[in-house]
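Structure assessment
Chain by chain, the residues:
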Amino acid sequence: MSKNSLIRSLAIGMLPLLAVVSMGCSKAKDAGPAAAFALDTLVHVPAAVVAAGEVRIATIPVRPLADTLVVSGEIQANPLKMAHVSARVSGTVQAVTAIAGDRVLRGKALATIYSPEFLAAQSDFLLAHERADRAVASGSSEAEALQSIAHSSDRRLEVMGANAADVETLHRTQESIPYLLLRSPIAGVITEAEAAVGKQVTPGTDLFGIADLSEVWAVVEAYEGDIGKFSMGQPAQINTTAYPGRSFGGLVSSLGGVIKEATRTLSVRLRVENPGLALKPGMFVSARIATGGTRQAIVLSEGAVQEMGGRKVVFVALSDSEFVARPVELRALGGDLVEVTKGLLP
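From a predicted model like this one, the values you see are computed outputs, not experimental measurements.

Parameters and conventions
- Residues numbered from 1 in each chain as written.
- Predicted model: local features only at pLDDT ≥ 70, side-chain atom pairs only at ≥ 80, totals over all residues.
- Heavy atoms only, no water.
- Helix = DSSP H or I, 4+ residues; strand = E, 2+ residues; numbered from the N terminus.
- Buried < 20%, exposed > 50% of the residue type's maximum accessible area, 1.4 Å probe, protein only.
- Contact = heavy atoms within 4.5 Å.
- Areas by Shrake-Rupley, 256 points an atom, 1.4 Å probe, with all protein chains shown as cover.
- Pairing = 2+ DSSP bridges.
- Axes fitted to C-alpha atoms, helices over the stretch in contact; angles between N-to-C directions.
- Salt bridge = Lys/Arg side-chain N within 4 Å of Asp/Glu carboxyl O.
- Parallel < 35°, antiparallel > 145°, perpendicular 65-115°, else oblique.
- Left-handed = near helix turned anticlockwise from the far one by under 90°.
- Nonpolar A, V, L, I, M, F, W, Y, C, P; charged D, E, K, R; others polar.

**Remarks on the overall build of the protein**
Counting secondary structure elements, the protein contains five helices and 22 strands. For the protein, the residues scored as buried account for 40% of the 346 residues in total. The long-range share in the protein, meaning contacts at least 24 apart out of those at least 6 apart in sequence, stands at 72%. In the structure as shown, the protein presents an accessible area of about 17,900 Å², 55% of it carried by carbon and sulfur atoms.

So, in structure tokens, the structure goes:
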């Protein structure tokens, strides 16, 4: 393949004074291996090719740019808004009424457990209250002590997982509740479900995990050189490929305390409102964070950038027919625009 045919298919880059942009940048991948051309090697393009519009020369001016950081990361559930539901008594799971992915309200029944321990505690409750009631009615000197024992039996049932309504029903009907209900302590989405009918449980057996996803974290990675541009409370715009054209608002809430040695980045946590629970834990996102400053920058379309030898390059015009490839480092600005951060000086 000739140099001319290669140039016609490449997107060409820029200098502060002069830039070249190929009209056929979408053909770049079909142009053959570009690595055969050394970077900074002059390439000549016939004047007829330029005149025909197959290669377009355009001036790309240096311009002031709002100092906006674009960082990427992933969505995580807020651990302060998560709950685990575990068995508090020994027994056997009798029924399961919720599975992973279900949305539940606070107090929603998740499973039932048959527990001889729970039944015995109810019998103690009924006996303690019966004795306390008789002592109060007869004016016995032991009434206060027996009432204290009755209140302790109430508390024991609550520790096992019974709620106030269960205790009231037991006191009113004087009949034991056959199964202990496991209820969700918060409203949210079930992220883990380990309960199964017939499963034997003991106190501490973890059965459900629930996360309130109405507000989530976007944990993004900031390069070491950008850390000083972050501050608590900075607004952020969160985007994800799952919802093109839709943005979510967030705020910088924490700057991680340790630089990752392998990547030289710092984890930055953003609090993000999550209407409709659209953002899911594990989802990849990008965040745009305005620092409040401006800088002089070289900005061009992604179409003007090519890959040669495994590196990003732009083709710089030295004249109307002479070009040179220059390796560059880029920062995404959103849409199809990128900023040249290294390789070309503003």
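**Here's the deal with the sheet that holds strand 18 (residues 306–308)**
Judged by pairing direction, the sheet is antiparallel, and its four strands sit side by side in the order 2-20-19-18 without closing on themselves. The sheet is open, and its two edges are formed by strand 2 (42–44) and strand 18, each paired on a single side. With direction set aside, neighbouring strand axes in the sheet form an average angle of 45°. Of the pairings in the sheet, the one linking strand 18 to strand 19 (residues 311–317) comprises three bridges and is antiparallel in character. Counterpart to M308 in the pairing with strand 19 is R311.

**Remarks on the pattern of salt bridges**
A complete count under the given rule lists 11 salt bridges for this structure. Here D226 makes a salt bridge to K229, at a shortest N to O gap of 3.7 Å. Note on K229: relative accessible area 30%, which makes it partly exposed.

**Re the packing of helix 3 (residues 116–138) against helix 5 (residues 164–173)**
Contact pair helix 3 / helix 5: the axes reach a minimum separation of 10 Å and the direction vectors enclose 60°. Judged on the interaxial angle alone, helix 5 and helix 3 are oblique. Seen along the crossing, helix 3 lies across helix 5 with a hand that is right-handed. Taken together, the residues of helix 5 that come into contact with helix 3 (itself represented by Q122, F125, L126, H129 and D133) are V167, L170 and H171. Looking at the contact of helix 3 with helix 5 residue by residue, the class counts come to four nonpolar, three polar and one charged.

**Details of the pairing of strand 10 (residues 188–193)**
Bridge count between strand 7 (residues 103–104) and strand 10: two bridges; the pairing is antiparallel. From the neighbouring strand, R103 faces strand 10, where its bridge partner is V189. Judged from the four bridges that link them, strand 10 and strand 12 (residues 206–211) form a sheet pairing that is antiparallel. Bridging from a neighbouring strand, I190 pairs with I210 of strand 12.

**Considering the pairing of strand 17 (residues 284–301)**
Judged from the 11 bridges that link them, strand 4 (residues 63–77) and strand 17 form a sheet pairing that is antiparallel. Bridged to P64 within strand 17 is Q296. Strand direction decides the pairing type here: strand 14 (residues 235–239) and strand 17, joined by four bridges, are antiparallel. The partner of N239 across the bridge, within strand 17, is S286.

**Regarding unusual backbone geometry**
Residues other than glycine predominantly adopt negative phi, and peptide bonds predominantly adopt the trans conformation. Positive phi values are uncommon outside glycine, yet Q174 reaches one of about 60°. Counting through the fold element by element, Q174 comes out in the loop between helix 5 and strand 9 (180–183). A relative accessible area of 45% places Q174 in the partly exposed class. Even without a glycine there, the phi angle at R264 is positive, about 55°. Within the secondary structure, R264 sits in the loop between strand 15 (248–255) and strand 16 (265–273).

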